[in-house]
Amino acid sequence: MRIDREISHPIHPQHRLKLEYTEIPFNCDGCKEAGIGYKYCCKRCEFDLHKNCGAAAPTITHPFYRKCEFQLHYQPPGREMRFCDACRKDVLGFVYHCNRCGFDLHPCCANLPQVLDDGEHNLYLCLKLSSSCHRCGGKGAGWCYRTQCKSYNLHVSCVKELLVESWQAMYLNVDKNKVREMQTRIPSLKGTLKNHHHVHRSGKGGGKVSKCCEMAGGAVRIIVSAILGDPTALIAAVVGGFMSK
């Protein structure tokens, strides 16, 4: 994807939008989803677009849906309520839609990297879970990221829910007891993998799990930045603090 420092966009024709970086959460005026990192913005109008929404291609394909051709819509097509097949969240604005198969993807979800590299380990994007999601405990529909040792799975949708909760606590002055309660529910990759390793310490897969333990909470933070539209973003204290608990 080509990234320009300044663009014009049809849904905000009155002013040009400039590319900026922020570690303060924002709501995208395109897809209506949360964002952080690089965005196209108009400060005069307090208008923001994810980098992926501002530079969205008219049509795309995706390796998970090889028979589909997705077209960009600025509004959900049709009269029925639609949801993103990646994160299972409602489609309220920009969406990639396949007329043939009926699949829908938020622009940021459509651009999620197949592999995330935190510098030492890889996280793999999967169409379906191979085991229960660490946050919700279920195997419901929706994409997930998992570690190479397959012992840690996290729904894309669950990450979004955690983000909303953490931001509400930080920015809406939620009671401190509520914040502490939330922190106990944030997935702890380190704890999960250590427990997994303890149970399987005599098994052949122990070495692989042990390596995964080294990832600690960093895996969740890098997943978060990818879901928010900027897989290269470094998550600041607002998100990183919660996710590493």
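- Per an unreviewed UniProt entry, the protein chain goes by the name Phorbol-ester/DAG-type domain-containing protein and belongs to Acer negundo.

## Thoughts on the overall build of the protein chain
And then number 1: Along its length, the protein chain carries 8 helices and 12 strands.
And then number 2: Scored against the burial criterion, the 245 residues of the protein chain give a buried share of 48%.
And then number 3: Intrachain contacts of the protein chain at a sequence separation of at least 6 include 50% that bridge at least 24 residues.

## Observations concerning the pairing of strand β5 (residues 59-62)
Every other side chain in a regular strand lies on the same face of the sheet, so the side chains alternate between the two faces.
And then number 1: Of the two faces of β5, the one lined by I60 and H62 is fully buried and the one lined by T59 and T61 carries no buried residue.
And then number 2: Bridge analysis of β5 against strand β6 (residues 65-73) gives 3 bridges, and the strand direction is antiparallel. Of the residues in β6, the one forming a bridge with I60 is F70.
And then number 3: If you look at the hairpin formed by β5 and β6, you'll find 2 residues sitting between the two strands.

## Some words on unusual backbone geometry
And then number 1: We note that K32 has phi near 70 degrees; this positive angle belongs to a residue other than glycine.
And then number 2: Its place among the elements puts K32 in the loop between β2 (12-27) and β3 (34-42).
And then number 3: At E46, a residue that is not glycine, the phi angle is positive and equals roughly 55 degrees.
And then number 4: Locating E46 in the fold gives a position in the loop between β3 and β4 (47-50).

## Here's the deal with the nonpolar core
A general trend in soluble globular proteins is that nonpolar side chains are found buried together.
And then number 1: Y65, F70, C84, Y96, L105 and W143 are the most contacted members of the largest nonpolar core, which has 24 residues in total.
And then number 2: Among the elements of the structure, β6, β7 (95-97), α2 (107-110) and β10 (122-126) are those that each provide at least two residues to this core.
And then number 3: For this core, the element with the most residues is β6, which contributes 4 residues.
And then number 4: For L105, the residues in contact, after removing those within four places along its chain, are H62, Y65, F70, C84, D85, A86, V95, Y96, A110 and W143.
And then number 5: Counting 11 residues, the second largest nonpolar core, distinct from the first, contains L17, F26, L49 and C53.

## Regarding the side chain of T22
And then number 1: Assignment of secondary structure puts T22 in strand β2.
And then number 2: A relative accessible area of 12% places T22 in the buried class.
And then number 3: Apart from the residues lying within four places of it in its own chain, the contact partners of T22 are I36, G37 and K39.

## A word on the sheet that holds strand β1 (residues 6-9)
And then number 1: The strand order β1-β2-β3-β4 describes an open sheet built from 4 strands, whose pairing is antiparallel. Edge positions in the sheet fall to β1 and β4, since each has one partner strand and no second. Pairwise comparison of adjacent strand axes, ignoring direction, gives a mean angle of 45 degrees for this sheet.
And then number 2: Sheet analysis places β2 next to β3, joined by 7 bridges and oriented antiparallel. Residue pairing for β3: E20 is matched across the bridge by K39.

## Description of the state of the cysteines
Note: disulfide means a covalent bond formed between the sulfur atoms of two cysteine side chains.
And then number 1: Within the structure shown, the criterion is met by 0 disulfides.
And then number 2: With no disulfide partner, C87 has as its closest neighbouring cysteine sulfur the one in C84, 3.8 Å distant.
And then number 3: C136 takes part in no disulfide bond, and the closest cysteine sulfur, belonging to C133, lies 3.8 Å away.

What counts and what doesn't
- Residues numbered from 1 in each chain as written.
- Predicted model: local features only at pLDDT ≥ 70, side-chain atom pairs only at ≥ 80, totals over all residues.
- Heavy atoms only, no water.
- Helix = DSSP H or I, 4+ residues; strand = E, 2+ residues; numbered from the N terminus.
- Buried < 20%, exposed > 50% of the residue type's maximum accessible area, 1.4 Å probe, protein only.
- Contact = heavy atoms within 4.5 Å.
- Pairing = 2+ DSSP bridges.
- Core = buried A, V, L, I, M, F, W, Y, C linked by side-chain atoms within 4.5 Å.
- Axes fitted to C-alpha atoms, helices over the stretch in contact; angles between N-to-C directions.
- Disulfide = S-S within 2.5 Å.

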